[in-house]
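A structural walkthrough
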Amino acid sequence: MTEILAVFRSRSQAIDCMTKMRALNIPAQLINTPKEANVGCGLSLKFPQNAANRVKNVISRVNYSSFYGYMRIDYRSGKMFIRGF
């Protein structure tokens, strides 16, 4: 299963977004942004690719100022690779 990250630079905005996902029953998980993303500190929402359209809808409607972008998580040989989505 491919997973996607919605990367935020603001912890409070990431938490707010996660609250909205829960209210809409969108499967997402709040995680520390992995160092492999090379974005610095922050929180990200991790969600399955099949929920991407719903997540994008919510984020675009709210227009979070600290939203950095989307990244795809790939696992190969036990290592995590992150690239743009």
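Quick note: structure is the one above.
Remember, it's a predicted structure, so these values are computed and weren't measured experimentally. (Residues numbered from 1 in each chain as written. Predicted model: local features only at pLDDT ≥ 70, side-chain atom pairs only at ≥ 80, totals over all residues. Heavy atoms only, no water.)

Another aspect to go through is the sheet that holds strand S4 (residues 67-76). Taken together, 5 strands build an open sheet; the order of strands is S2-S3-S1-S4-S5 and the sheet is antiparallel. The strands lining the two open edges of the sheet, one partner per strand, are strand S2 (29-32) and strand S5 (79-84). For this sheet, the mean inter-axis angle between neighbouring strands, taken without regard to orientation, is 35°. The pairing of strand S1 (residues 3-8) with S4 spans 6 bridges and is classified as antiparallel. (Pairing = 2+ DSSP bridges. Helix = DSSP H or I, 4+ residues; strand = E, 2+ residues; numbered from the N terminus. Axes fitted to C-alpha atoms, helices over the stretch in contact; angles between N-to-C directions.)

Right, let's talk about the pairing of strand S3 (residues 43-48) for a bit. Burial analysis of S3 places 6 of its 6 residues in the buried class, the great majority of the element. The alternating pattern of S3 places Leu-43, Leu-45 and Phe-47 on one face and Ser-44, Lys-46 and Pro-48 on the opposite face, and all of these are buried. Judged from the 5 bridges that link them, S1 and S3 form a sheet pairing that is antiparallel. Among the inter-strand pairings, Ile-4 is bridged to a residue of S3, identified as Phe-47. In the sheet, S2 pairs with S3 via 4 bridges, with the strands oriented antiparallel. Of the residues in S3, the one forming a bridge with Gln-29 is Lys-46. (Buried < 20%, exposed > 50% of the residue type's maximum accessible area, 1.4 Å probe, protein only.)

What follows is about the nonpolar core. Phe-8, Met-21, Leu-45, Phe-47 and Ile-59 are the most contacted members of the largest nonpolar core, which has 19 residues in total. Not counting residues up to four positions away in its chain, the partners in contact with Phe-47 are Thr-2, Glu-3, Ile-4, Leu-5, Ala-6, Pro-27, Ala-28, Ala-52, Val-55 and Tyr-70. By size, the runner-up hydrophobic cluster in this structure holds 8 residues, among which are Leu-5, Ile-31, Val-39 and Ile-73. (Core = buried A, V, L, I, M, F, W, Y, C linked by side-chain atoms within 4.5 Å. Contact = heavy atoms within 4.5 Å.)

Take the environment of Glu-36 next. Tracing the chain through its elements places Glu-36 in the loop between S2 and S3. Setting aside its immediate chain neighbours within four residues, Glu-36 contacts Met-80 and Ile-82.

Okay, the pattern of salt bridges next. Summed over all chains, the structure comprises 4 salt bridges. The shortest N-O distance in the salt bridge between Lys-35 and Glu-36 comes to 3.7 Å. (Salt bridge = Lys/Arg side-chain N within 4 Å of Asp/Glu carboxyl O.)

What follows is about unusual backbone geometry. Of note in the backbone geometry, Asn-25 takes a positive phi value of approximately 55° without being a glycine. Among the secondary structure elements, Asn-25 is positioned in the loop between helix H1 (11-23) and S2. Although it is not a glycine, Asn-63 sits at a positive phi angle of roughly 60°. With respect to the helices and strands, the residue Asn-63 is situated in the loop between helix H2 (52-62) and S4.

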